[in-house]
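Structure at a glance
Below are the chains, spelled out letter by letter.
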Amino acid sequence: MTKRSASAGVFRILPTDDTERATALTVDRETERVQEAIDDCHDAGGGTIAMASGEYTVGTIHLRSDVTLHLEAGARLRPTESKSAYVDRHVGPDGERPFLLAEGLENVAIVGDGTIDGRGTEFMDMDEPIRQHSGESDGHPLVSNAPHRARQGEAYLDRSGTLEEWPVAKPAFRPGPMVHFVDCEGVSIRNVTLEDMPAWTLSFDDCADVDVRGVTIDNHRRIPNCDGIAIGNSRNVRVSDCAIESCDDAITLVSHDDRERDCEHVTVTNCTLASSACAIKLGSETSGNIRHCTFDNCVVYGSNRGLGIQHRDEGTIEHVSFSNITVETGLLPGPWWGKAEPIYVTSVPRDEGTNLGTVRDIRFANVTAAAENGVLVYGHADATLEDVRLESISLSIAGSRHADAVGGNIDLQPTAVMAPIYEARISGVHCENVVDLELRDVALEWTGEVPDHFAHGVRCVDVDELVIDGVAGRQAAVARENSAGVDAAIALERTTRSTIRNCRASPGTETFLSTTDCADERLLATNDLTDAETPTDGAVGYSTVGNVPPL
């Protein structure tokens, strides 16, 4: 028998007994009685719905203002498999429908020591590799939004080999977002565990004053679209003390120009994050603005990509800081977005009709990274990418067991104005089409034997107002034949107004500085080039002072 008690604003729900659970009407009745309790609590002026230890399988549940859903220890809230049990709105790109839904609410919370179990491994086709990204062309179903030009050619997405590390296939139906807040103010999610989600986990769309604290998200690392926390067009959002593992982005911020709010005033602190996509990502939906965001004191581990900005539309991304973060990234085989970049900042038009916005005032400070790829800061020729700082960065780059399958490529998905994935020689830090760039106290180490596609230590192309101060490192390989030209610790191409000072060539450096078609070279000062076989590649126009040996 279903039991419910109420006292002092607390409504307690007990689990359905085994007899009732066995009947065909259980899911409908279970959904109805949970919804009734929430509605009654709201009508009584608000309070707490306490769900006792046990299992509850339901369809869409509508949260209400001034109501706290408290999952007690041992309580498991699970989505039904029946599509008809979900509301037919906020439908996702593959027909997903929300599980817990809050619309236009104030003062709403989900708390407790219980679990929301998304049953993702039951919904998904776990024995089949992914067939196509949402809405993509059959001509390039696993690359967004145009054909690739990967180093591996047709073998890049070869299905004849092992597919055990590919994303899995999407079913005809799956619920999601699993916990969806739309146009809400005063939202609190505390201490609960959310696991095995079939699609987006926590989603905030056009919300304000959101507090997510002490939450554990434990998703399967091969289920696509199961982002941990998705923050869209929301402001005053605080995420702290959370542990998140997900297939898609662990924490992602997006902004659309058709919403009431920009995405702004977001802080993320004291979190551990792992993702088969990107641990922290801004974008790629950026038709609206994202600004004033801080990410601090976090650990990123076992991830495909670490800290990312993926700007593709008309909006502006500005005043963003990443600090005091350790990052561990590794290459994944197959159609994943990302190539193990520990830091990734890109501004590229989504398509030919995009009037690309601006990315500016981006800071990375005190980041320690162990990666299987280099840092990428890339602006398309149409981009405005300016005022970027990398300071106190310790970067160790190693080879990968998947280097032959997917390595040696730059990944700019999603875009249709150029090949989204194309072959390239990879540098430890690659910066292109940037105005006002500073690299300060960057230590670069190559670990063990690295693949032939790795090249320079630092490479800057079409950069104006460049300061390189305190960089220590060398080119990727020592004494290796290279038909592409001389690899250098620092390689500059078409840069203007550059200063290089206080740098140190690591043992094994062949050429320290290589310059091609550069202009207005300012100062080359107080660099320790003792371990460089060739301090500079040809004539340079810098004023030189205090270098060892003298130039």
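Residues numbered from 1 in each chain as written. Predicted model: local features only at pLDDT ≥ 70, side-chain atom pairs only at ≥ 80, totals over all residues. Heavy atoms only, no water.

1. Digging into the pattern of salt bridges
- Counted according to the given criterion, the structure contains 48 salt bridges.
- Here Arg119 and Glu81 are joined by a salt bridge, their closest N and O atoms 2.9 Å apart. You can see Arg119 sitting in the loop between strand S10 (115-117) and helix H3 (120-123) and its partner Glu81 sitting in the loop between strand S7 (75-79) and strand S8 (100-103), a full 38 residues away along the chain.
- On the basis of relative accessible area, Arg119 is assigned to the buried category, the value being 8%.
- For Glu81, a relative accessible area of 52% translates into the label exposed.
- Bridged by salt links that share partners, the residues Asp361, Arg363, Asp387, Arg389, Asp436, Glu438, Arg440, Asp469 and Arg501 form one connected network. (Salt bridge = Lys/Arg side-chain N within 4 Å of Asp/Glu carboxyl O. Helix = DSSP H or I, 4+ residues; strand = E, 2+ residues; numbered from the N terminus. Buried < 20%, exposed > 50% of the residue type's maximum accessible area, 1.4 Å probe, protein only.)

2. Re the packing of aromatic side chains
- According to the stated counting rule, one finds five aromatic pairs in the structure shown.
- Where Phe295 meets Phe322, the ring centres are 4.9 Å apart and the plane angle is 15°; that geometry is what we call stacked. Of this pair, Phe295 sits in strand S26 (residues 290-303) while Phe322 is found in strand S28 (residues 317-329), placing the two residues 27 residues apart along the sequence.
- Relative to Phe364, the ring of Phe322 has its centre 4.7 Å away and its plane inclined at 5°; by these criteria the two rings are stacked. Here Phe322, found in strand S28, pairs with Phe364, found in strand S30 (residues 358-371); they are 42 residues apart in sequence, far enough to count as distant.
- The buried category is assigned to Phe364, whose relative accessible area is 1%.
- Lying over the aromatic face of Tyr344, Arg305 brings its terminal NZ or CZ to 3.5 Å of the ring centre. (Phe/Tyr/Trp six-rings, centres within 6.5 Å; stacked < 30°, edge-to-face > 60°. Lys NZ or Arg CZ within 6 Å of the ring centre and 35° of its normal.)

3. So, the side chain of Arg261
- Looking at the element boundaries, Arg261 is found in the loop between strand S22 (251-255) and strand S23 (263-269).
- The buried category is assigned to Arg261, whose relative accessible area is 9%.
- Within the structure, Arg261 has its side chain in polar contact with the backbone oxygen of Asp206 (distance 2.5 Å).
- Ignoring anything within four residues of it in the chain, the contact list for Arg261 reads Asp183, Glu185, Asp206, Cys207, Ala208, Asn233 and Arg235. (Polar contact = N/O pair within 3.5 Å; in protein donor to acceptor, adjacent residues only side chain to side chain. Contact = heavy atoms within 4.5 Å.)

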